[in-house]
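The lines below spell out each chain.
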Amino acid sequence: MPLTEEDIASGTYLDRASILLGGDDDVKTAVKPFALIVLNQPVTDLDMLDRVWSNAAVKICADGGTNRLYGALDESTRAKYKPDFIAGDLDSLRPEIRKYYETELGVPVYYSPDQDSTDFGKCLLKLGELYPGERFPVVALGGTGGRVDQEFHSIHTLFVHERGEDEEDTNVRSDKKQREITLLSDDSLTFLAGPGTQTIHTPRTVLGPTCGIIPVAGPTVISTKGFTWDVSDWATSLGTQVSTSNALEADAVVIKSDKTVLFTLEIRR
């Protein structure tokens with residue numbers, strides 16, 4: 001059915017963009033507390049790092065992400081960007097960098113030998129253990145970019161940790177479900193939306209214009225509002241037609257879908 005005003009009024013509101021706003025007090029009070037995980041990808045945009053670091057309630061480095069954070073900073077700034085903990089199988093963390101954070105800054109380092117999960121997953125598990133009463137949303141810096149197989153695994157992680165309790169999967173523990181995760185790179189902000197109707201905060205001061213809606217859960221029917229090329233009851237699937245290289249026309253857009261989609265937005269420069 002076409003997208004209606006009733007759909008929009010009864011739908012869900014998503015705001016993943018506020019993490020990119022400035023670090024002043026007004027912005028900080030508007031940002032829902034989240035955990036930042038620095039993954040093993042180059043950290044090159046120090047302005048973005050400063051914004052998300054300032055807005056985060058918990059800061060984590062995933063194994064080799066510690067090397068990336070250390071290398072992006074200098075001696076005068078490293079102590080300012082002190083993670084709350086480091087976790088992973090520690091096969092990438094350089095010994096001298098581990099010594100700096102663990103000995104000089106007193107950062108806890110947690111080793112997990114489990115080879116059935118990535119360092120990203122290990123950080124999520126440790127976050128749950130250390131903050132059992134919280135369900136912090138997570139922002140994964142470096143969640144896209146780099147090796148394609150790792151990008152796919154990051155998208156897989158979104159599904160593992162955000163799927164609903166009514167979705168059957170005997171291989172996924174219930175306590176790992178329902179954690180909101182956003183993938184962040186120098187170029188893109190990426191997350192899951194739907195199924196259902198989602199009104200999504202898309203401030204064009206920091207996002208756009210380009211964006212894409214990817215049917216990662218299989219053949220999907222979508223309707224949209226607020227894009228340059230809106231669609232109504234549009235069938236999309238890998239192998240047929242996919243909405244990439246669309247563009248934002250508003251600071252809030254609407255996506256209605258019968259299955260979960262991956263929504264990815266360009267970060268404005």
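Attention here is on the structure that accompanies the text. What you are looking at is a predicted structure, and each value in this text was computed from that prediction instead of being measured.

**Looking at the side chain of Ser-257**
Stage number 1. Tracing the chain through its elements places Ser-257 in strand E14 (residues 252-257).
Stage number 2. Since its relative accessible area comes to 6%, Ser-257 is described here as buried.
Stage number 3. Only 2.7 Å separates the side chain of Ser-257 from the backbone oxygen of Lys-259, close enough to count as a polar contact.
Stage number 4. In contact with Ser-257, other than residues within four places in its own chain, are Ala-193, Gly-194, Pro-195, Gly-196, Thr-220, Val-221 and Ile-222.

**Notes on the sheet that holds strand E12 (residues 234-236)**
Stage number 1. Strand order in the open sheet made by the five strands is E1-E9-E14-E11-E12, with mixed pairing throughout. For this open sheet the edge positions go to strand E1 (12-14) and E12, each flanked by a neighbour on one side alone. Sheet twist, expressed as the average angle between the axes of neighbouring strands with direction ignored, equals 30 degrees.
Stage number 2. Of the pairings in the sheet, the one linking strand E11 (residues 220-225) to E14 comprises four bridges and is antiparallel in character. Considered in E14, the bridge of Lys-225 is made with Val-254.

**Some details on unusual backbone geometry**
Residues apart from glycine generally show negative phi values, whereas peptide bonds are mostly found in trans.
Stage number 1. Backbone torsion omega between Gly-194 and Pro-195 reads 0 degrees, so that peptide bond is classified as cis.
Stage number 2. Structurally, Pro-195 is set in the loop between strand E8 (188-193) and strand E9 (196-201).
Stage number 3. Its identity is not glycine, yet Asp-63 carries a phi of approximately 45 degrees, on the positive side.
Stage number 4. Residue Asp-63 is classed as buried on the basis of its relative accessible area, which comes to 0%.
Stage number 5. Phi angles above zero are rare outside glycine, and Ser-245 is one such case at about 55 degrees.
Stage number 6. Tracing the backbone shows Ser-245 in strand E13 (residues 243-247).
Stage number 7. Ser-245 sits in the exposed class, given a relative accessible area of 56%.

**What to know about the nonpolar core**
Stage number 1. Within the largest apolar cluster, 48 residues are counted, with the highest numbers of intra-cluster contacts made by Leu-36, Leu-184, Leu-207 and Phe-263.
Stage number 2. In this structure Leu-36 touches Val-52, Trp-53, Ala-56, Val-58, Lys-59, Ile-60, Val-139 and Leu-141, once residues within four positions along its chain are discounted.
Stage number 3. Ile-37, Ile-155, Ile-181 and Leu-183 belong to the second-largest nonpolar core, a separate cluster that totals 23 residues.

**Overview of the side chain of Thr-199**
Stage number 1. Tracing the sequence through the fold places Thr-199 in strand E9.
Stage number 2. Residues in contact with Thr-199, not counting those within four places in the same chain, are Ile-8, Thr-12, Tyr-13, Leu-14, Ala-252, Val-253 and Val-254.

**Some remarks on helix H4 (residues 65-72)**
Stage number 1. Listed in full, the buried residues belonging to H4 are Gly-65, Thr-66, Asn-67, Leu-69 and Ala-72.
Stage number 2. As for H4, its buried residues are in contact with strand E2 (35-38), helix H3 (46-55), strand E3 (58-62), strand E4 (85-88) and helix H5 (95-104).

Rules used in this analysis
Residues numbered from 1 in each chain as written. Predicted model: local features only at pLDDT ≥ 70, side-chain atom pairs only at ≥ 80, totals over all residues. Heavy atoms only, no water. Helix = DSSP H or I, 4+ residues; strand = E, 2+ residues; numbered from the N terminus. Buried < 20%, exposed > 50% of the residue type's maximum accessible area, 1.4 Å probe, protein only. Polar contact = N/O pair within 3.5 Å; in protein donor to acceptor, adjacent residues only side chain to side chain. Contact = heavy atoms within 4.5 Å. Pairing = 2+ DSSP bridges. Axes fitted to C-alpha atoms, helices over the stretch in contact; angles between N-to-C directions. Core = buried A, V, L, I, M, F, W, Y, C linked by side-chain atoms within 4.5 Å.

Everything listed is a geometric property; what it means functionally is a separate question.
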